[in-house]
Amino acid sequence: MSSRAEAADMPHDSETNTPDRLRRRASRLLSGMTAQSDRLVNEGLAQVDARKWHYAVLASLQEHGPGSQATLSRRTGIYRSDMVGVLNELAERDLVERTPDPDDRRRNVITITAQGRRNLRRLDQVLDDLHDELLAPLTPAERDQLVRLLTRLLDHHTRRAPHPSSHTE
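Caption draft 1: Summary view of unusual backbone geometry. The backbone of Asp49 sits at a positive phi, close to 55 degrees, despite the residue not being glycine. Following the sequence through the fold, Asp49 ends up in the loop between helix 3 (26-46) and helix 4 (52-64). Looking at Asp49, the relative accessible area reads 52%, which means it is exposed. The backbone of Asp94 shows a phi angle near 60 degrees, a positive value even though the residue is not glycine. By secondary structure assignment, the location of Asp94 is in the loop between helix 6 (80-92) and strand 1 (96-101). Judged by its relative accessible area of 48%, Asp94 is partly exposed.

In structure tokens form, the structure reads like this:
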């Protein structure tokens, strides 16, 4: 399989004669769910003229306060080279504001605007609905358990592995 788009178009394992040894592999299951999740979230956010990166930057600014482009890149995992474009899109929509850093005039400080906070609340609701769709077969307790387990796995592997200078979501 050469792309996630192809993966999303493939029949589900339960609809094929996929060998049980493949269906029992956590790595395969996680990859399949990643493809489904990415498709669902990307399509859902596109319907409201947003992208995952928009959400990540707005959420970071709301939770951690203003920051430089480099700081936002580290917080969100968005490549520095891509951050400028994301911030341009958000600034054009009046969702963030750039101001010169008083300590270093070569840098800008990025701040979420009131409109950005309203947009973030709207995106939270969109993502809540998309996650309800993604996790529909699970009970609320199972959803919480899944998030706890995935968080534990990700924390374990990101603490152990050397961190690349930057990465995407």
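Caption draft 2: Looking closely at the packing of helix 4 against helix 6. Contact geometry for helix 4 and helix 6: axes closest at 10 Å, N-to-C directions at 80 degrees. On the basis of their axis angle, the class for helix 4 and helix 6 is roughly perpendicular. Across from Trp53, His54, Val57 and Leu58 in helix 4, the residues of helix 6 making contact are Asp82, Met83, Val86, Leu87, Glu89 and Leu90. A per-class count over the contact of helix 4 with helix 6 returns 7 nonpolar, 1 polar and 2 charged.

Caption draft 3: Here's a closer look at the side chain of Thr113. Among the secondary structure elements, Thr113 is positioned in the loop between strand 2 (104-112) and helix 7 (114-134). Under the relative-accessibility criterion, Thr113 is labelled buried at 18%. For Thr113, the side chain forms a polar contact with the main-chain oxygen of Asp94, separated by 2.6 Å. Here Gly116 takes part through its backbone nitrogen, which lies 2.9 Å from a polar atom of the side chain of Thr113. Once residues within four sequence positions are removed from consideration, Thr113 is found in contact with Asp94, Leu95, Val96 and Glu97.

The rules behind these values
Residues numbered from 1 in each chain as written. Predicted model: local features only at pLDDT ≥ 70, side-chain atom pairs only at ≥ 80, totals over all residues. Heavy atoms only, no water. Helix = DSSP H or I, 4+ residues; strand = E, 2+ residues; numbered from the N terminus. Buried < 20%, exposed > 50% of the residue type's maximum accessible area, 1.4 Å probe, protein only. Axes fitted to C-alpha atoms, helices over the stretch in contact; angles between N-to-C directions. Parallel < 35°, antiparallel > 145°, perpendicular 65-115°, else oblique. Contact = heavy atoms within 4.5 Å. Nonpolar A, V, L, I, M, F, W, Y, C, P; charged D, E, K, R; others polar. Polar contact = N/O pair within 3.5 Å; in protein donor to acceptor, adjacent residues only side chain to side chain.

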